[in-house]
Amino acid sequence: MYPDFTLSVQYAVEAAALPRWRLRRWVGRALAFALAPPEPRAGSPVALTLRIVDAEEGRALNAAWRGRDAATNVLTFEYGADPSGLILGDIVLCLPVLEREASEQEKPLLHHAAHLVTHGVLHALGHDHIEADEAERMEALETRILAAQGIADPYRDA
């Protein structure tokens, strides 16, 4: 069902609602859609690290890598594929931002977390949303992945 992948999960904060098994399931489902034929990288193996951090670390990473002095919900570091074809990436979730946004948007925390994990995975695979057409494709793929898990379209107003 899932493509060949490894996932390392690092907890810099307590995140009882986000156990490894749940994160692994979300990553696997995102990869299953994003790496399905006829996608160019279909069948490629993937190695990801997913780190869950507090606001202080989230802010420091966002400032260092994006020049923004505030914590953000998800940061992804896409490294591309190594010479063997293994796709590598790191995803950082800032738990306090994720919790605040879920509350403000009146979404279940797990639905918002699934969306941000999916969003991060797609970035790690090279998807982007800088240009309007890229954003449309990426959001459509996210919406399909989440719908398959019974999660509403995160881009539609509730």
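For the structure, check the block above.
Residues numbered from 1 in each chain as written. Predicted model: local features only at pLDDT ≥ 70, side-chain atom pairs only at ≥ 80, totals over all residues. Heavy atoms only, no water.

Colleague: So what's going on with helix α1 (residues 20-34)? Residues and values would help.
Modeller: Its 15 residues place the ends of α1 21 Å apart at the C-alpha level, agreeing with the 21 Å of an ideal helix rising 1.5 Å per residue. When we look at burial in α1, the residues that qualify are Leu23, Trp26, Val27, Gly28, Ala30, Leu31 and Ala34. The inward-facing, buried residues of α1 abut β1 (5-11), β2 (46-53), α4 (109-124) and α5 (132-147). (Helix = DSSP H or I, 4+ residues; strand = E, 2+ residues; numbered from the N terminus. Expected span 1.5 Å × (residues − 1). Buried < 20%, exposed > 50% of the residue type's maximum accessible area, 1.4 Å probe, protein only. Contact = heavy atoms within 4.5 Å.)

Colleague: I'd like a description of the packing of α1 against α5, backed by residues and values.
Modeller: Where α1 meets α5, the closest approach of the two axes is 10 Å, and the angle between their N-to-C directions is 125 degrees. Taken together, the axes of α1 and α5 lie oblique to each other. Classified by chirality, the crossing of α5 by α1 is right-handed. Across the interface between the two elements, Arg29, Ala30, Phe33 and Ala34 from α1 touch Leu141, Arg144 and Ile145 from α5. (Axes fitted to C-alpha atoms, helices over the stretch in contact; angles between N-to-C directions. Parallel < 35°, antiparallel > 145°, perpendicular 65-115°, else oblique. Left-handed = near helix turned anticlockwise from the far one by under 90°.)

Colleague: Could you give an account of the environment of Ala63, with specific residues and numbers?
Modeller: Looking at the element boundaries, Ala63 is found in helix α2 (residues 55-66). Note on Ala63: relative accessible area 32%, which makes it partly exposed. Those residues within four positions of Ala63 in sequence are excluded, and the remaining contacts are Arg68 and Asp69.

Colleague: Tell me what's going on with the packing of aromatic side chains, and back it up with residues and numbers.
Modeller: One pair of aromatic rings is described through two measures. These are the centre distance and the angle between the planes. Scanning all chains against the criterion turns up one aromatic pair. Residues Trp65 and Phe77 carry aromatic rings whose centres are separated by 5.6 Å and whose planes lie at 80 degrees to one another, so their mutual orientation is edge-to-face. Here Trp65, found in helix α2, pairs with Phe77, found in strand β3 (residues 74-81); they are twelve residues apart in sequence, far enough to count as distant. Exposure remark for Trp65: the relative accessible area of 61% places this residue in the exposed category. The lysine or arginine in question, Arg24, covers the ring of Phe5, its NZ or CZ lying 4.2 Å from the ring centre. (Phe/Tyr/Trp six-rings, centres within 6.5 Å; stacked < 30°, edge-to-face > 60°. Lys NZ or Arg CZ within 6 Å of the ring centre and 35° of its normal.)

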